[in-house]
Amino acid sequence: SRRLLNPGSAGQPAWHVELEPVAGPQGDGAATTLPHWQAGDLLQIFPPGDDARPRLYSIASLPADGAIHLLVRAIRGADGTPGRMSGLLAGVAAEGTVFRARVRAHDNFRLGANATRPLILIGNGTGLAGLLAHLRQRARNGDGRNWLVFGERNAAHDFFFRDELQHWLDSGLLERLDLAFSRDQPEKRYVQQVLRDAADDLRRWIDQGAAIYVCGSLEGMGQEVQQILLGLLGQARLEQLSEQGRYRRDLY
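Read on for an overview of the structure. (Residues numbered from 1 in each chain as written. Predicted model: local features only at pLDDT ≥ 70, side-chain atom pairs only at ≥ 80, totals over all residues. Heavy atoms only, no water.)

### Digging into the overall build of the protein chain
Across its full length, the protein chain carries 8 helices and 11 strands. The C-alpha atoms of the protein chain give 18 Å as radius of gyration, which agrees with the globular expectation for 252 residues (18 Å, within 12%). If you line up the protein chain on its principal axes, its C-alpha atoms span 55 × 40 × 35 Å. The 252 residues of the protein chain split such that 49% are buried. Within the protein chain, contacts between residues at least 6 apart in sequence are counted, and of these 71% link residues at least 24 apart. Entry remark: accessible area of the protein chain is about 12100 Å², with carbon and sulfur atoms responsible for 46%. (Helix = DSSP H or I, 4+ residues; strand = E, 2+ residues; numbered from the N terminus. Rg over C-alpha atoms; globule rule 2.2 N^0.38 Å. Buried < 20%, exposed > 50% of the residue type's maximum accessible area, 1.4 Å probe, protein only. Contact = heavy atoms within 4.5 Å. Areas by Shrake-Rupley, 256 points an atom, 1.4 Å probe, with all protein chains shown as cover.)

### Re helix α1 (residues 84–92)
Within α1, burial applies to Met85, Ser86, Gly87, Leu88, Leu89 and Ala90. Against β1 (2–4), β2 (14–19), β3 (42–46), β4 (55–58) and β5 (68–73) lie the buried residues of α1.

### Thoughts on the sheet that holds strand β10 (residues 211–216)
Taken together, the 5 strands give an open sheet; going across it, the order is β9-β8-β7-β10-β11, and neighbouring strands pair in parallel fashion. Each end of this open sheet is capped by a strand with a single partner; those strands are β9 (174–181) and β11 (247–251). Strand-to-strand twist in this sheet, taken as the mean axis angle between neighbours without regard to direction, amounts to 10°. Two elements, strand β7 (residues 119–124) and β10, share 5 bridges in a ladder whose sense is parallel. Considered in β10, the bridge of Leu119 is made with Ala211. (Pairing = 2+ DSSP bridges. Axes fitted to C-alpha atoms, helices over the stretch in contact; angles between N-to-C directions.)

### Observations regarding the packing of aromatic side chains
Scanning the entire structure with this criterion turns up 4 aromatic pairs. Residues Phe150 and Phe160 carry aromatic rings whose centres are separated by 6.0 Å and whose planes lie at 50° to one another, so their mutual orientation is tilted. With Phe150 in strand β8 (residues 146–152) and Phe160 in the loop between α3 (155–158) and α4 (162–171), this residue pair connects regions lying 10 residues apart in the sequence. Among the residues examined, Phe160 registers a relative accessible area of 1% and is labelled buried. One Lys or Arg, Arg3, reaches over the ring of Phe161 and ends 5.9 Å from the middle of that ring. Over the ring of Phe46 we find Arg100, and its NZ or CZ is 4.0 Å from the ring centre. (Phe/Tyr/Trp six-rings, centres within 6.5 Å; stacked < 30°, edge-to-face > 60°. Lys NZ or Arg CZ within 6 Å of the ring centre and 35° of its normal.)

### Observations regarding the pattern of salt bridges
Per the counting criterion, the structure on display carries 16 salt bridges. Asp51 is the salt-bridge partner of Arg100, the closest N and O atoms lying 3.1 Å from each other. Pair noted here: Arg100 is in strand β6 (residues 100–104) and Asp51 is in the loop between β3 and β4, with a separation of 49 residues, a long-range link. Using a relative accessible area of 46% as the deciding quantity, one classes Arg100 as partly exposed. For Asp51, a relative accessible area of 53% gives the class exposed. Salt bridges here are not isolated pairs; linked through shared partners, they connect Arg176, Asp178, Asp201 and Arg204. (Salt bridge = Lys/Arg side-chain N within 4 Å of Asp/Glu carboxyl O.)

### Quick look at the sheet that holds β1
Taken in spatial order, the 3 strands of this open sheet run β1-β2-β5, and their pairing is antiparallel. The two strands at the open ends of the sheet, each matched to only one other strand, are β1 and β5. Mean inter-strand twist for the sheet, computed between neighbouring axes without regard to direction, equals 20°.

### Observations regarding the packing of helix α6 (residues 199–207) against helix α7 (residues 218–233)
Where α6 meets α7, the axes come as close as 10 Å, and the angle between the chain directions of the two elements is 75°. Considering their axes alone, α6 and α7 lie roughly perpendicular with respect to each other. Residue-level contacts link Ala199, Leu202, Arg203 and Ile206 of α6 to Leu229, Leu232 and Leu233 of α7. Grouping the constituent residues of the contact of α6 with α7 by class yields 6 nonpolar, no polar and 1 charged. (Parallel < 35°, antiparallel > 145°, perpendicular 65-115°, else oblique. Nonpolar A, V, L, I, M, F, W, Y, C, P; charged D, E, K, R; others polar.)

### Quick notes on unusual backbone geometry
In this model, Phe161 sits at a positive phi of 55°, which is unusual for a non-glycine residue. Examined against the element boundaries, Phe161 turns out to sit in the loop between α3 and α4.

Here it is in structure tokens:
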């Protein structure tokens, strides 16, 4: 199944896609057992007829949810051509279409030794997928002290999973939720500005043992968040966090 997450948005459509496993190469068998994965892992999907260039998507769900959930942006090239895989997942392929796929472990974005640490989760757009999986895992385990920084275009159209995030904020699973909707104020505001403005709190969380997870676009958000963190923490401290596994990124 799929559900449009941002109707009316000025940005490209973003879809919540759910995939279920079926047996047999053409999906002509009965439903089968989901493969195991952990929060932070990826789904590798092969476009029909193209086994050489699989696409990777952050998994937003957990095995207990009964399906693999993805957040897929319906991207288009400069000439208007839809992305080969995203075009299928985000509208062209009918429900029931079968794709060849496999779960790929992403050790560098799993919680690992950070399972009981405070978490600072930073992302934009469909990068929320990888962060949602971690929050859903923390919700199941009852682990608190989570801080999410999320950015998109407009709150009215692009606040993905608003109800779930608000529930976590109200229940205390999210200790802090900072939002940066870039088109909702005269001067565009992005997640990197949020981090800069929260410099003292960021350092305090790090001093208290927090780990940082960044998920989303490499160009723009990912690179600029890296520069902000370098400025706030210093290169030596950021390298130390990376060596300790407390600074992890899933950028594309």
